[in-house]
Amino acid sequence: SAVGAISSFSLLGRLAAVSRARAVLVAERAPLRKSMSAPSRVEPVETRTSWTPIPVPKPLYLSRAVMDQVVVEADIAAEQLRAAAAEAEARLRAAQAALPRVEPVEAKRTLKALDLDEVLRRRRAAG
């Protein structure tokens, strides 16, 4: 660890020396760059505004007449939906009333009469 510490310090010393030498070179070259470059005087740019904002008309959807029309159309659509739902409900009830009633006892008898082995034999024969 001592060798590592010594080599680290010597490396840091070399890096510091190189850094100082570069700083001196940059400081010596700085006046040369300033003398060779263009004058540093910058004139301010004058800005003119040639555009004037114009008021924009209010959107039509914000007007009261359009809002009233939207409300009326929404009410009409809601009424049509309610009528369609009532008609569908009536048709569904009529279809359910037309179905034959199966008594629970008859359904149980049907299930008892169902022979699983027979069903599987028919299925194997078909496939």
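All values reported here derive from a predicted model rather than from experimental measurement.

### Here's the deal with the overall build of the protein
Across its full length, the protein holds four helices and zero strands. Overall, the protein shows an N-to-C arrangement of helices and strands of α-α-α-α. Counting across all 127 residues of the protein, residues that qualify as buried make up 0%. For the protein, the computed accessible surface area is about 12800 Å², with 63% contributed by carbon and sulfur atoms.

### A word on the pattern of salt bridges
All chains considered together, the criterion is met by five salt bridges. The partner of Glu 89 in a salt bridge is Arg 93, with the nearest N and O atoms 3.1 Å apart. Pair noted here: Glu 89 and Arg 93 are both in helix H2 (residues 64-98), with a separation of four residues, about one helical turn. Assessed through its relative accessible area of 37%, Glu 89 is described here as partly exposed. Salt-bridge contacts for Arg 121 lead to Glu 118; the nearest nitrogen and oxygen are separated by 3.0 Å. With a gap of three residues between them, Arg 121 and Glu 118 both fall in helix H4 (residues 116-126), about one helical turn apart.

### Comments concerning the confidence of the model for the protein
Across the protein, pLDDT averages 82, with 80% of residues at or above 70. Taken element by element, the protein is modelled with least confidence in helix H3 (residues 104-113), mean pLDDT 64, and with most confidence in H2, mean pLDDT 90.

### Notes on a nonpolar patch on the surface
Taken together, the side chains of Phe 9, Leu 11, Leu 12 and Leu 15 make up a nonpolar region of the molecular surface, amounting to roughly 460 Å² of accessible area. Structurally, the position occupied by Phe 9 is in helix H1 (residues 2-36). What makes Phe 9 exposed here is its relative accessible area of 62%.

Thresholds applied
- Residues numbered from 1 in each chain as written.
- Predicted model: local features only at pLDDT ≥ 70, side-chain atom pairs only at ≥ 80, totals over all residues.
- Heavy atoms only, no water.
- Helix = DSSP H or I, 4+ residues; strand = E, 2+ residues; numbered from the N terminus.
- Buried < 20%, exposed > 50% of the residue type's maximum accessible area, 1.4 Å probe, protein only.
- Areas by Shrake-Rupley, 256 points an atom, 1.4 Å probe, with all protein chains shown as cover.
- Salt bridge = Lys/Arg side-chain N within 4 Å of Asp/Glu carboxyl O.
- pLDDT = per-residue confidence, 0-100.
- Patch = residues over 30% accessible without salt bridge, like charges linked within 9 Å, V, L, I, M, F, W, Y side chains within 5 Å.

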